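# Structural features, examined
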Amino acid sequence: MLMQGGGRRHPQFMTKGDKMSTPSRSLPGGTWTLGDLTVTRFGYGAMQLAGPGVMGPPADREGALAVLREAVDLGITHIDTSDAYGPRVTNELIREALHPYPESLHIVTKVGATRDEQGGWPTARRPEDLRRQVHDNLRSLGLDVLDLVNLRLGDAGGPRPGSLAEAFETLVELRQQGLIRHLGVSNATEEQVAEAQSIAPIVCVQNMYNLAHRHDDKLIDRLAADGVAYVPFFPLGGFTPLQSSALSAVAARLKATRMSVALAWLLQRSPNILLIPGTSSTAHLHENVAGAGLSLSREDLTELDGIGG
Ligand SMILES: NC(=O)c1ccc[n+]([C@@H]2O[C@H](COP(=O)([O-])OP(=O)(O)OC[C@H]3O[C@@H](n4cnc5c(N)ncnc54)[C@H](OP(=O)(O)O)[C@@H]3O)[C@@H](O)[C@H]2O)c1
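Residues numbered from 1 in each chain as written. Predicted model: local features only at pLDDT ≥ 70, side-chain atom pairs only at ≥ 80, totals over all residues. Heavy atoms only, no water.

## Section: the site of the ligand
Selection rule: Put simply, a residue is near a molecule or strand once any heavy atom of it comes within 4 Å of that molecule or strand. Identification of polar contacts relies on pairs of N or O atoms within 3.5 Å, with a donor-acceptor requirement for protein atoms, meaning one able to donate a hydrogen and the other able to accept it, and with residues adjacent in sequence counted only if both atoms are side-chain atoms. Only the protein chains shown count as covering a residue, and every accessible area follows the Shrake-Rupley method with a 1.4 Å probe. The method works on a 1 Å grid over the protein atoms by themselves. A cavity is a set of points holding a 1.4 Å probe that cannot get out, a pocket is an open set with protein on both sides within 12 Å along at least five of seven lines, and residues with an atom within 4 Å of a point line them. Molecule-in-pocket calls rest on the fraction of atoms, with more than half required to lie within 2 Å of the cavity or pocket grid points. In DSSP terms, a helix is any run of H or I states spanning at least four residues, a strand is any run of E spanning at least two, and both are numbered starting from the N terminus.
Around the ligand, the structure places 25 residues, and the nearest of them are Asp80, Leu236, Thr279, Ser280 and His284. Gln206 places a side-chain nitrogen or oxygen 2.9 Å from a nitrogen atom of the ligand. Contacts to the ligand include Pro235, whose backbone N or O atom sits 3.3 Å from an oxygen atom. Coverage of the ligand by the protein amounts to 86% of the 900 Å² it exposes when considered alone. A majority-of-atoms criterion places the ligand in the largest pocket. Among the elements that make up the shell around the ligand, the one with the highest residue count is helix H9 (residues 282-291) (three residues).

Written out as structure tokens, the structure reads:
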């Protein structure tokens, strides 16, 4: 990861506060390669570190910084964020907690939406909006190059049909200028994923998906065949925690939490699925890392598959 004010440094020349790249410990799910970047399949979603409604600062700032540091200490090498979270709040917390970043850490951001004073997420996908957002992310994260940028499509209600060509081509140009290493799309329809792939390679799709919302089942399998990652957002249900009697029954049988079962199911669903569960609690972070390694039997999987059917 290239950083403002120095870039990669040989360990010998590291100053106090610099971090050696941490070899990835054994996290559930192992690793996946996004283009040329190896990440742990168990990642971390930073959105809910901002204040209520993803606006303003967190109630517990020190706690938020501690969660980010703990995630990296646990060996997580994939953090998902956006300059729209807060806005700027989440990126600035990441920078404060983790800069200078370990080489092994890959921060994935997204552009295509901004924030209004009411906390809404108006779309901002004109070329000039996207250029501004890429520069905003570089600045708030303290980077010279962004490892992976997702073009966020649709709106808060979900994906919407329509061509992404002009917006995606703008990001391709920014990548050619050396500001972005890899591209992805988010909140996208299957047609938009295919359209992006016809313009330039993508390394991931980040859409809403979890045990109860399985609209993308076919897309996940197609992307797996193409070697493209699928990164479900709201893996635990987001603002509305997953509720299901089948999920509770399987969790009770395995003496595990519903969160653990939901994460373990995603890891076992397909090898190209990368997890970015969010939490503002180090206790939940530990619980989720431990829980995602749960082994689900064929019987458990059949019961769980019925939830989204
Ligand atoms: N591309 C997009 O349009 C888009 C949209 C939404 C989100 N995202 C990304 O996806 C990431 C994940 O989504 P998310 O964080 O909104 O939702 P999520 O991961 O489905 O759920 C997070 C919620 O679950 C709770 N939680 C986590 N672990 C728990 C545990 N062990 N026990 C009890 N509660 C637990 C958290 O509360 P605590 O803080 O109390 O643990 C938080 O409220 C985001 O952080 C963001 O990076 C992308």
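## Brief notes about the side chain of Ser260
Put simply, the rule reads: Buried, partly exposed and exposed residues are distinguished by accessible area as a fraction of the type maximum, computed with a 1.4 Å probe on protein chains only: under 20%, between the cut-offs, and over 50%, respectively. The contact criterion used is simple: two residues touch if any of their non-hydrogen atoms lie within 4.5 Å.
Looking at the secondary structure, you find Ser260 in helix H8 (residues 258-269). When its relative accessible area of 6% is taken as the criterion, Ser260 is described as buried. Apart from the residues within four sequence positions on either side, Ser260 is in contact with Glu287, Gly291, Ala292 and Leu294.

## Some details on the side chain of Asp80
By the element assignment, Asp80 lies in strand S4 (residues 78-80). Assessed through its relative accessible area of 3%, Asp80 is described here as buried. One polar contact links Asp80 to Lys110, side chain to side chain, over a distance of 2.8 Å. Each residue touching Asp80, except ones within four places of it in the same chain, is listed here: Tyr44, Gly45, Ala46, Met47, Tyr85, Val108, Lys110, Gln206 and Ile276.

## With respect to the pairing of strand S7 (residues 180-186)
Counted only if it meets this: For two strands to be treated as a pair, DSSP must find at least two bridges joining them. A right-handed crossover is one whose linking path, passing over the helix from the first strand to the second, runs clockwise when the strands point away from the viewer.
Summarising burial for S7: six of the seven residues are buried, a large majority. Two strands pair when backbone bridges link them, and strand S6 (residues 146-152) and S7 are joined in this way by six bridges, in the parallel orientation. Looking at the pairing, Leu148 lines up with His182 of S7. Handedness of the crossover is the feature at issue here: the chain leaves S6, passes through helix H4 (residues 165-176), returns alongside S7, and the resulting connection is right-handed.

## Description of the pairing of strand S2 (residues 37-40)
As paired elements, strand S1 (residues 31-34) and S2 share four bridges and run antiparallel to each other. Looking across to S2, one finds that Leu34 is bridged to Leu37. Between the antiparallel neighbours S1 and S2 lie two residues, among them Gly35 with a positive phi of about 65 degrees.

## Digging into empty space enclosed by the protein
Short version of the rule: Grid points are joined across faces, edges and corners, and a volume is the space filled by probe spheres set on the points. Throughout, the ten residues Ala, Val, Leu, Ile, Met, Phe, Trp, Tyr, Cys and Pro are labelled nonpolar, Asp, Glu, Lys and Arg are labelled charged, and all others, Gly among them, are labelled polar.
Counted under the stated rule, the structure contains two cavities of 30 Å³ or more. By volume, the second largest cavity amounts to about 30 Å³. Taken together, Leu34, His78, Asp80, Val108, Leu148, Asn150, Cys204, Gln206, Val231 and Leu274 form the lining of the second largest cavity. For the lining of the second largest cavity, the residue count by class is six nonpolar, three polar and one charged.

## Re the environment of Gly120
Within the secondary structure, Gly120 sits in the loop between strand S5 (106-111) and helix H3 (127-141). Note: C-alpha distance between Gly120 and Arg41 (79 residues apart in sequence) is 30 Å. Once residues lying within four places of it in the same chain are set aside, the contact partners of Gly120 are Thr114 and Arg115.

## Topic: the packing of aromatic side chains
Short version of the rule: Paired rings are identified among Phe, Tyr and Trp, the last through its six-membered ring, by centres lying within 6.5 Å, and are further divided according to the angle between planes into stacked (under 30 degrees), edge-to-face (over 60) and tilted (the rest).
Under the defined criterion, the tally for this structure stands at five aromatic pairs. Here Tyr209 and Tyr230 contribute two aromatic rings whose centre-to-centre distance is 5.6 Å and whose plane-to-plane angle is 85 degrees, an arrangement assigned as edge-to-face. Taken together, the residues span a long stretch of sequence, with Tyr209 in the loop between strand S8 (204-206) and helix H6 (217-226) and Tyr230 in strand S9 (residues 229-230) at a distance of 21 residues. Accessibility classification places Tyr209 together with Tyr230 in one group, the buried group. Between Phe234 and Phe239, the ring centres sit 5.8 Å apart and the planes meet at 75 degrees, which makes this aromatic pair edge-to-face.

## Regarding the sheet that holds S8
Reading across the sheet, the seven strands line up as S3-S4-S5-S6-S7-S8-S9 and stay open at both edges, with parallel pairing between neighbours. Because the sheet does not close on itself, it has two edges, and the strands there are strand S3 (44-45) and S9. Inspection of the sheet shows S8 paired to S9 by two bridges, in the parallel sense. In the sheet register, Val205 faces S9, and the bridge partner there is Tyr230.

## Regarding the layout of surface pockets
Approximately 1,200 Å³ is the volume found for the largest pocket. Every residue lining the largest pocket is counted, 50 residues in all, and those nearest its centre are Met47, Phe233, Phe234, Gly238 and Phe239. Broken down by secondary-structure element, the contributors of at least two residues to the lining of the largest pocket are S5, helix H5 (190-199) and H9. By residue number, the principal contributor to the lining of the largest pocket is H9, which donates three residues. Taken together, the residues of the lining of the largest pocket sort by class into 21 nonpolar, 20 polar and nine charged. The calculated volume of the second largest pocket comes to roughly 200 Å³.

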